[in-house]
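# Tertiary structure, described
Listed here are the chains, written in short residue letters.
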Amino acid sequence: IETREAVKNIDEILKVPGLGGALIGPADLSLALGVGNPAPNTTAPAVEAATATVAKACVALKKLCGSFEVSDVNARVAQGFKLIPRGSK
């Protein structure tokens, strides 16, 4: 999930037959949301809000939720994340 459109349509995306979950690309998402120019800003409030939207949808639809980058593992686990990159704090 790396675009505003993907976040907006997350429920429909997660309902695709055979799809087990979603991975968020926070760096690309920050750029797509316009909060990461010129470099990614993975902790910007807009990225956090979009991440929360995706996590909520994954939990509601009983799908796995993960991210390519996690700065706060405990916060993401509390949101329902199950796929955490190795080396995250």
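This section reports on the structure supplied with the text. (Residues numbered from 1 in each chain as written. Predicted model: local features only at pLDDT ≥ 70, side-chain atom pairs only at ≥ 80, totals over all residues. Heavy atoms only, no water.)

## Overview of the pattern of salt bridges
Worth spelling out the cut-off: Salt bridges are counted wherever a side-chain nitrogen of Lys or Arg sits within 4 Å of a carboxyl oxygen of Asp or Glu. Runs of E in the DSSP output that reach at least two residues are strands. Runs of H or I that reach at least four are helices, and both are numbered from the N terminus.
Summed over the entire model, instances satisfying the criterion amount to 1 salt bridge. As a salt-bridge pair, Arg 76 and Glu 48 come within 2.9 Å of each other at their nearest N and O atoms. On the criterion of sequence distance, the pair formed by Arg 76 in helix α5 (residues 73–79) and Glu 48 in helix α4 (residues 45–60) is long-range, its members being 28 residues apart.

## What to know about unusual backbone geometry
Of note, the amide linkage connecting Asn 37 to Pro 38 takes the cis form, showing an omega dihedral of 5 degrees. Looking at the secondary structure, you find Pro 38 in the loop between α3 (26–32) and α4. Backbone geometry places Lys 62, a non-glycine residue, at a positive phi of 55 degrees. When you line up the elements, Lys 62 lands in the loop between α4 and β2 (64–67).

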